[in-house]
2 protein chains.
Amino acid sequence: MQGRFTVLAVDHESQARLGILHTAHGDVETPVFMPVGTQGTVKAIAPDRLREIGVQIFLCNAYHLHLRPGEDLVREAGGLHRFISWDRALLTDSGGFQVFSLTDLVRVDDEGVTFRSHLDGSLHRLTPQEAVRIQTALGADVIMILDQCVGFPASSYEERVATERTLRWARCAREAFQSEEQMLFGIVQGGTSRELREWSAQETVRIGFDGYAIGGLSVGEPKPLMYEMIECVEPFLPVEKPRYLMGVGNPVSIVEGVWRGVDMFDCVLPTRNARNACLFTSWGKMNIDRLEFARDFGPVDPDCGCYLCRNFSRAYLRHLFKAGEILAAELATIHNLYFMVKLMKSIRHALRGGYFREFREEFLSRYSENF
Amino acid sequence: MQGRFTVLAVDHESQARLGILHTAHGDVETPVFMPVGTQGTVKAIAPDRLREIGVQIFLCNAYHLHLRPGEDLVREAGGLHRFISWDRALLTDSGGFQVFSLTDLVRVDDEGVTFRSHLDGSLHRLTPQEAVRIQTALGADVIMILDQCVGFPASSYEERVATERTLRWARCAREAFQSEEQMLFGIVQGGTSRELREWSAQETVRIGFDGYAIGGLSVGEPKPLMYEMIECVEPFLPVEKPRYLMGVGNPVSIVEGVWRGVDMFDCVLPTRNARNACLFTSWGKMNIDRLEFARDFGPVDPDCGCYLCRNFSRAYLRHLFKAGEILAAELATIHNLYFMVKLMKSIRHALRGGYFREFREEFLSRYSENF
């Protein structure tokens, strides 16, 4: 478990860090954004394109893969990497977030969660041990403990119960975890309470994990509150371990997260936006299906070097969306993921060069986020 | 108009020919299968993949592009090739088939067709001259005259009226056509009547076109009847011009069409089948969503060298279809088009080597078609 994360540089003006996550499927340069491949594929893009774009790691949802096709089938196929034809790093979440957000939840108790599948209504039980077992069978490089998420707003009682339960489950997961090849990350909860967040961080670190996620954020709370929660947790996280802000993927929040010491991010936003005709550009988002682009024969972003921007016009992409063509989703996904990879490269470059404060200021003044 | 098609070899045992169609966007080796890119994209596949697979030409529907985004926009974009980012050959159909099959047809008269758009119900008029104008503006390398298609079965009266009208329209189209860069193909009609087919062929050739299509087949008639119609038309088509059997795309019919002297084919079948989980293999079709493939970790076709078969298993592709992932459509489309390109390459190889009869026999005994 030692030596699986290397901090190459720490910013002299912020908590930002440049690092490398060493996995069984190659090194991942951090800060990194991880696209989401819910059912064993990042939606609307093939793995060779992901590789070409420069994606180093993506995330699959253990909840979805457990229900279909099932972790036994994946293991029989030779593990998740071979099954989906991806030889770089993978992370699976525990399934907890989906159980709380997608299913007819039947019961949460101190030992686990009982829920009905969103696919066929069948009854399932997920415990911290079972979450580790499922993810061990799937074989991703980084796996997550089962946690209990509360929404926003939540009562302080709910927040406390979920935080305590997550800690209890963290201990169970830690004990159940035996894989040599994989890393297990703990998850800090605590809702929007500074006190709970600090306590959760301290206790999670005391249990000891290969990395630490900050969960339960980006669930509807104001951005400043999210940043405050990261700031109050950060001092309690060990410098030598990676930190992962779950569910955050808009460009501004990523830059702000890196500023506050976060190394890893994931979100469906870039890929979901793409399928909804919303494209990231160097000056902010762009809804390509608007009438103003009907006869706009320039590229989506003249500063972008992706397959879309090198070969196709705004007018053509708009036409594809209007015509309901699958290629629209693919091209927009390629573009948005290329944008994210390039953003993270720029961040790492700035950290390496010691000018991350200037980068952040310039980025925030240029990029208008109206999400 | 001379020298746009070269016959390299004629089979000594059949009417089959090996040739090259010389277009403003490169040479196309014949016999060739043309995938269909209705709205300016072959569904579920990007043009760089088409190129990689070896597709030399595909077809776009003038009807669809006329209604959306409109030929004026396409011309403003620099023409169809530039608009859709495809620098190899393109063919557009006249829109006639779609007008007769997709729209609320208002009226057919000797001068053209009045119909309501399938998109918004708006009233449109298509004449032979207008079909040439639209396709000239779009800028495909091969364009087609407006023809009147009858279904199967049709009365002999209907067949005769449509054949006469198509000839009338063919003369109008020929007169209206002035493009230097493009080729104009006539279309032989005549339903299932040998007499009408022969007459239509003779008269169409008398008008004189860069190539001759056989239309109004593959509309529900028995296969032997389709082959009979090709056979009775073939002797009247000039050897030095390309022949195009419209709407035919299943592998057996292609081999049989080539045997009877056809050089070009198009059909939505390989791409539509792909999106419906039906894959072509060297022994016939395969419905990959069947339960028997759930734990089948071998490739779809061990003899296939496509991106799908080199990287993914039957079990994974089935999972993608079951999960409703877009990647399923893309991978299956790549595979089916690769299959078609390889089939046409094998046919050309056999013609070059002088063993097409043996190839045909071997193919028909091996390939079971249950379409």
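Residues numbered from 1 in each chain as written. Chains lettered and ligands numbered in written order. Predicted model: local features only at pLDDT ≥ 70, side-chain atom pairs only at ≥ 80, totals over all residues.

Within chain A one finds 15 helices and 16 strands. Taking 2.2 N^0.38 as the reference for a compact globule, 371 residues should give roughly 21 Å; the C-alpha atoms of chain A span a radius of gyration of 20 Å, in line with that estimate. Dimensions of chain A, computed from the C-alpha atoms along their principal axes, are close to 60 × 50 × 40 Å. Across the 371 residues of chain A, 55% fall into the buried class. Contacts in chain A between residues far apart in sequence, at least 24 positions, make up 67% of those at least 6 positions apart. (Helix = DSSP H or I, 4+ residues; strand = E, 2+ residues; numbered from the N terminus. Rg over C-alpha atoms; globule rule 2.2 N^0.38 Å. Buried ≥ 20, exposed ≤ 12 C-beta atoms within 10 Å, placed from the backbone. Contact = placed C-beta atoms within 7 Å.)

Here we take up the interface of chain B and chain A. With 32 residues of chain B in contact, the opposing surface of chain A contributes 32 residues. Of all the secondary-structure elements, those providing two or more residues to the side of chain B that touches chain A are helix H3 (71-76), helix H4 (80-84), helix H12 (307-311), helix H13 (314-322) and helix H14 (326-353) of chain B. With five residues, the single largest contributor to the side of chain B that touches chain A is H13 of chain B. Of the residues contributing to the side of chain B that touches chain A, the split by class is 17 nonpolar, seven polar and eight charged. (Nonpolar A, V, L, I, M, F, W, Y, C, P; charged D, E, K, R; others polar.)

Attention now moves to the sheet that holds strand E9 (residues 123-126) of chain A. Strands pair in a sheet through their backbones, by hydrogen bonds, and they do so in one of two ways: parallel or antiparallel. Residue and element names in this part refer to chain A. An order of E7-E8-E9 is seen for the three strands of this open sheet, with the pairing classed as antiparallel. Strands with a single pairing partner mark the edges of an open sheet, and in this sheet they are strand E7 (104-109) and E9. With direction set aside, neighbouring strand axes in the sheet form an average angle of 20°. Across five bridges, the pairing between E7 and strand E8 (residues 112-116) is antiparallel. When the bridges of E8 are listed, Asp 104 appears paired with Arg 116. (Pairing = 2+ DSSP bridges. Axes fitted to C-alpha atoms, helices over the stretch in contact; angles between N-to-C directions.)

For the rest of this paragraph, the subject is the relation of the copies chain B and chain A. Overlay of chain B on chain A (RMSD 0.0 Å): rotation 180°, translation along the axis 0.0 Å. The transformation relating the two chain copies, once decomposed into turn and shift, fits a two-fold axis. Taking C-alpha positions as the reference, the residue of chain B nearest the rotation axis is Ile 326 of chain B, at 3.8 Å. When the interface residues of chain B are mapped onto chain A, 100% of them again lie at the interface, so the same face is used by both copies. (Least-squares fit on C-alpha atoms with pLDDT ≥ 70 in both.)

With that settled, consider the sheet that holds strand E5 (residues 57-61) of chain B. Residues and elements named next belong to chain B. Across the sheet, eight strands lie side by side as E4-E14-E13-E12-E11-E10-E6-E5; this open sheet has parallel pairing. Here the strands that pair on one side only, and so sit at the sheet edges, are strand E4 (32-34) and E5. Across the sheet, the mean angle separating the axes of adjacent strands is 25° when strand polarity is ignored. In the sheet, strand E6 (residues 89-93) pairs with strand E10 (residues 142-144) via two bridges, with the strands oriented parallel. Counterpart to Leu 91 in the pairing with E10 is Val 142. The strands that helix H8 (residues 194-207) touches are strand E11 (183-188) and strand E12 (211-214); relative to E11, the one it contacts most, it runs at about 160°.

This next bit is on unusual backbone geometry. Residues and elements named next belong to chain A. Here the residue pair Thr 30 and Pro 31 is connected by a cis peptide bond, since its omega of 0° sits within 30 degrees of zero. Note on placement: Pro 31 falls in the loop between strand E3 (26-30) and strand E4 (32-34). Along the chain, Arg 68 connects to Pro 69 via a cis peptide bond; the corresponding omega equals 5°. Residue position: Pro 69 is located in the loop between helix H2 (62-67) and helix H3 (71-76). Not every positive phi belongs to a glycine, and Ser 218 is a case in point at roughly 55°. By the secondary structure assignment, Ser 218 is in the loop between strand E12 (211-214) and helix H9 (223-233). Classification of Ser 218 by C-beta neighbours within 10 Å gives buried; the count is 21.

Moving on, we come to the pairing of strand E8 (residues 112-116) of chain B. Residue and element names in this part refer to chain B. From the end of strand E7 (residues 104-109) to the start of E8, which pair antiparallel, there are two residues. Two strands pair when backbone bridges link them, and E8 and strand E9 (residues 123-126) are joined in this way by four bridges, in the antiparallel orientation. Looking across to E9, one finds that Val 113 is bridged to Leu 126. Following E8, the chain reverses through six residues before pairing antiparallel with E9; Gly 121 in that reversal takes a positive phi of roughly 75°.

A separate point is the confidence of the model for chain A. With 99% of its residues at a pLDDT of 70 or more, chain A shows a mean pLDDT of 96. For this predicted complex, the interface confidence comes out at an ipTM of 0.97, alongside a pTM of 0.97. (pLDDT = per-residue confidence, 0-100.)

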